[in-house]
Amino acid sequence: MSAFSKEVHDKLDAIQKQPSDVSTDHIISVVRSIMASIEGELSPTDLKIHAELEELSNFIQSTRREIAGLRPSDINQRHIPTATDELSAVVGATEEATGKILDCCSAIETIAATVEGEAASGLIDIVTRIYEACSFQDITGQRITKVVKTLQHIETKIDELLKIIGPEIGAEQEQVSHEDVMEQSRNGTIDEKAHLLNGPQIPQAASTQDEIDALLASFDN
Amino acid sequence: MAVNKEMHVLIVDDYKTMLRILRGLLLQLGFRNVEEADNGATALAKLRGADFGLVISDWNMEPMTGLQLLKAVRAEDKLKKLPFIMVTAESKPENVITAKQAGVSNYIVKPFNAETLKSKMSSVLGPF
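Source: prediction; values computed, not measured. All residue numbers refer to position in the chain's written sequence, counted from 1. Key to labels: chains lettered from A, ligands numbered from 1, both in the order written. Predicted model: local features are reported for residues with pLDDT of at least 70 only, side-chain atom pairs are reported and counted for 80 or more only, and whole-chain, interface and lining totals are derived from all residues.

**Student:** Give a description of the overall build of chain B that names residues and reports values.
**Tutor:** Every helix listed is a DSSP run of H or I at least four residues long, and every strand listed is a run of E at least two residues long, numbered separately from the N terminus. Counting its regular elements, chain B contains five helices and five strands. What you see in chain B, going N to C, is helices and strands ordered as β-α-β-α-β-α-β-α-β-α. Each residue is classed by its C-beta neighbour count within 10 Å, where at least 20 other C-beta atoms makes it buried, 12 or fewer makes it exposed, and intermediate counts make it partly exposed; the C-beta atoms are placed from backbone geometry. Sorting the 128 residues of chain B into buried and exposed places 40% on the buried side. The contacts in chain B between residues at least 6 apart in sequence include a share of 62% that link residues at least 24 apart. Any two residues are considered in contact once their C-beta atoms, placed from the backbone, lie within 7 Å.

**Student:** An account of the interface of chain B and chain A is needed here, citing residue identities and associated values.
**Tutor:** The interface is formed by 20 residues belonging to chain B together with 21 residues belonging to chain A. Looking at the side of chain B that touches chain A, the elements that each hand over two or more residues are α4 (93–102) and β5 (106–109) of chain B. Of the residues forming the side of chain B that touches chain A, the biggest block, eight residues, is contributed by α4(B).

**Student:** Could you give an account of the sheet that holds strand β1 (residues 9–12) of chain B, with specific residues and numbers?
**Tutor:** Residues and elements named next belong to chain B. The five strands lie next to each other as β2-β1-β3-β4-β5, forming an open sheet whose pairing is parallel. A strand with exactly one partner marks an edge of an open sheet, and here the two such strands are β2 (34–37) and β5. Across the sheet, the mean angle separating the axes of adjacent strands is 20 degrees when strand polarity is ignored. Sheet contacts for helix α1 (residues 16–28): β1, β2 and β3 (54–57); angle to β1, the most-contacted strand, approximately 155 degrees. Here the axes come from fitting lines to C-alpha atoms, over the contacting stretch only for helices, and the angles between their N-to-C directions go from 0 to 180 degrees. Here helix α5 (residues 114–125) sits on the sheet and contacts β3, β4 (84–88) and β5; the angle it forms with β5, its principal contact strand, is near 175 degrees. Here, strands pair whenever DSSP counts at least two bridges between them.

**Student:** Would you mind going over the environment of A:Ile164 in detail, with residue names and values included?
**Tutor:** Residue and element names in this part refer to chain A. Within the fold, isoleucine 164 resides in helix α6 (residues 136–165). For isoleucine 164, a count of 15 C-beta atoms within 10 Å puts it in the partly exposed group. Through-space distance from the C-alpha of isoleucine 164 to that of threonine 24 is 6.9 Å; in sequence the pair is 140 residues apart.

**Student:** Explain the confidence of the model for chain A to me, and be specific about the residues and the numbers.
**Tutor:** For chain A, per-residue confidence averages 82 on the pLDDT scale, and 88% of positions sit at 70 or higher. Taken element by element, the predicted model of chain A shows its lowest mean pLDDT in helix α1 (residues 3–17) of chain A (73) and its highest in helix α9 (residues 209–218) of chain A (93). A residue's pLDDT is the confidence the predictor assigns to it, expressed on a 0 to 100 scale.

**Student:** Go over unusual backbone geometry with me, naming the residues and quoting the values.
**Tutor:** Most peptide bonds adopt trans geometry, and most residues besides glycine take a negative phi value. All names here are of chain B. Residue proline 63 follows glutamate 62 across a cis peptide bond; omega there is 5 degrees. A cis amide bond, omega -5 degrees, links lysine 110 with the succeeding residue proline 111. Relative to the elements of secondary structure, proline 111 occurs in the loop between β5 and α5.

**Student:** Please provide a residue-by-residue account of α5(B), values included.
**Tutor:** Residues and elements named next belong to chain B. In a helix, the anticipated span is given by 1.5 Å times the number of residues less one. With 12 residues, α5 extends 16 Å between its outermost C-alpha atoms, agreeing within 8% with the 16 Å of an ideal straight helix rising 1.5 Å per residue. Considered for burial, the residues of α5 that qualify are Leu117, Lys120, Met121 and Leu125. One side of α5 carries all its buried residues, which in axial view fall inside an arc of 120 degrees. Of the residues one or two after α5, glycine 126 is the one with positive phi, at around 115 degrees. Think of the arc as the fan of directions from the helix axis to the C-beta atoms.

**Student:** Explain the packing of helix α2 (residues 40–49) of chain B against helix α3 (residues 66–75) of chain B to me, and be specific about the residues and the numbers.
**Tutor:** The relative placement of two packed helices is expressed as an angle between their axes plus a distance between the axes. All names here are of chain B. Running from N to C, α2 and α3 point in directions that differ by 25 degrees, and their axes come no closer than 9 Å. Taken together, the axes of α2 and α3 lie roughly parallel to each other. Here α2 and α3 pass one another in a crossing that is right-handed. Along its contact with α2, which presents Gly40, Ala43, Leu44 and Leu47, the element α3 presents Gly66, Gln68, Leu69, Ala72 and Val73. Looking at the contact of α2 with α3, its residues break down into six nonpolar, three polar and no charged. The labels follow the angle: roughly parallel below 35 degrees, roughly antiparallel above 145, roughly perpendicular from 65 to 115, and oblique for the rest. Each helix crossing is assigned a hand: it is left-handed if the near helix lies turned anticlockwise from the far helix by less than a right angle, otherwise right-handed if that turn is clockwise. Each residue receives one of three labels: charged for Asp, Glu, Lys and Arg, nonpolar for Ala, Val, Leu, Ile, Met, Phe, Trp, Tyr, Cys and Pro, and polar for the others, Gly being one of them.

**Student:** Give me the lowdown on the packing of helix α4 (residues 72–112) of chain A against helix α5 (residues 117–133) of chain A, citing residues and values where you can.
**Tutor:** Residues and elements named next belong to chain A. Where α4 meets α5, the axes come as close as 9 Å, and the angle between the chain directions of the two elements is 165 degrees. The pairing of α4 with α5 is recorded here as roughly antiparallel in orientation. For the pair α4 and α5, the crossing hand works out as left-handed. For the pair formed by α4 and α5, the contact residues are Ile101, Cys105, Ile108, Glu109, Ile111 and Ala112 on the first element and Ala120, Leu123, Ile124, Val127, Ile130 and Tyr131 on the second.

Shown next as structure tokens:
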């Protein structure tokens, strides 16, 4: 066996033993080794193989570029965690609001106990309908939990894809620093679409009304 | 000077539920002449067409955001002194700073309660 053949065989053996550790660089390297081995007068068959190997190499490179363009690392490290956090916040908020509604129902029931006749039965009837309507929170909570599990499954699959494609593909693009964003807001150059349309913050991260009042008041000093 | 509760108030939000809540709270505070718009562009057209005493607007709307509406209002001679309260889920400091720089009269973060709405309206219109 020639030195070249041994090199290619060793690489193919490595791929066969640990397929999950194979990177695209590995595969491209094998393909290029084979292409480089084709020397001397080439038969039509050799030319065909060479062309197909070149096409395979180009296809792998182009697929890597396209996948890199999707920014899979961004999806896994930012977008999916944000989505699951937001959905958890939805469940928390609807649970809290439903609790308040049910507290109000209890208060109405207390008042209903102090009146008689149709007024009392009317109030109780309305409270009952509110209790029934509030069961939405249970259903929405379950549906959202299903969505969160689906997102977590997608996250796992993207992780597996990143392992195959290679870590450099997943590298995040540089974000604008918060200090720069604050400076831009002060001098009026901030990009509204990029930085000011974020929607509700996660409760632990959101500014309170008191903090906002203090910030507004600082402009008057 | 006493606040004229007969003034026309324009509420702007792309969520019907929020418009319903604001209308209900304003009614409880004694403000009956409440008109609605579901985006900044419609709101601006209404403001140009009638006399309003107060605008209460959301931020995150399309095609015109609450910030763009605020800037448009402050850019017109007839409207530039109109009290404008932003009521929004956007709570980051850069949002508040940008709105203040654009001339917002006050800023309420969602979710809010009736007491907060009354307090911020009072600080802008006068006590009532």
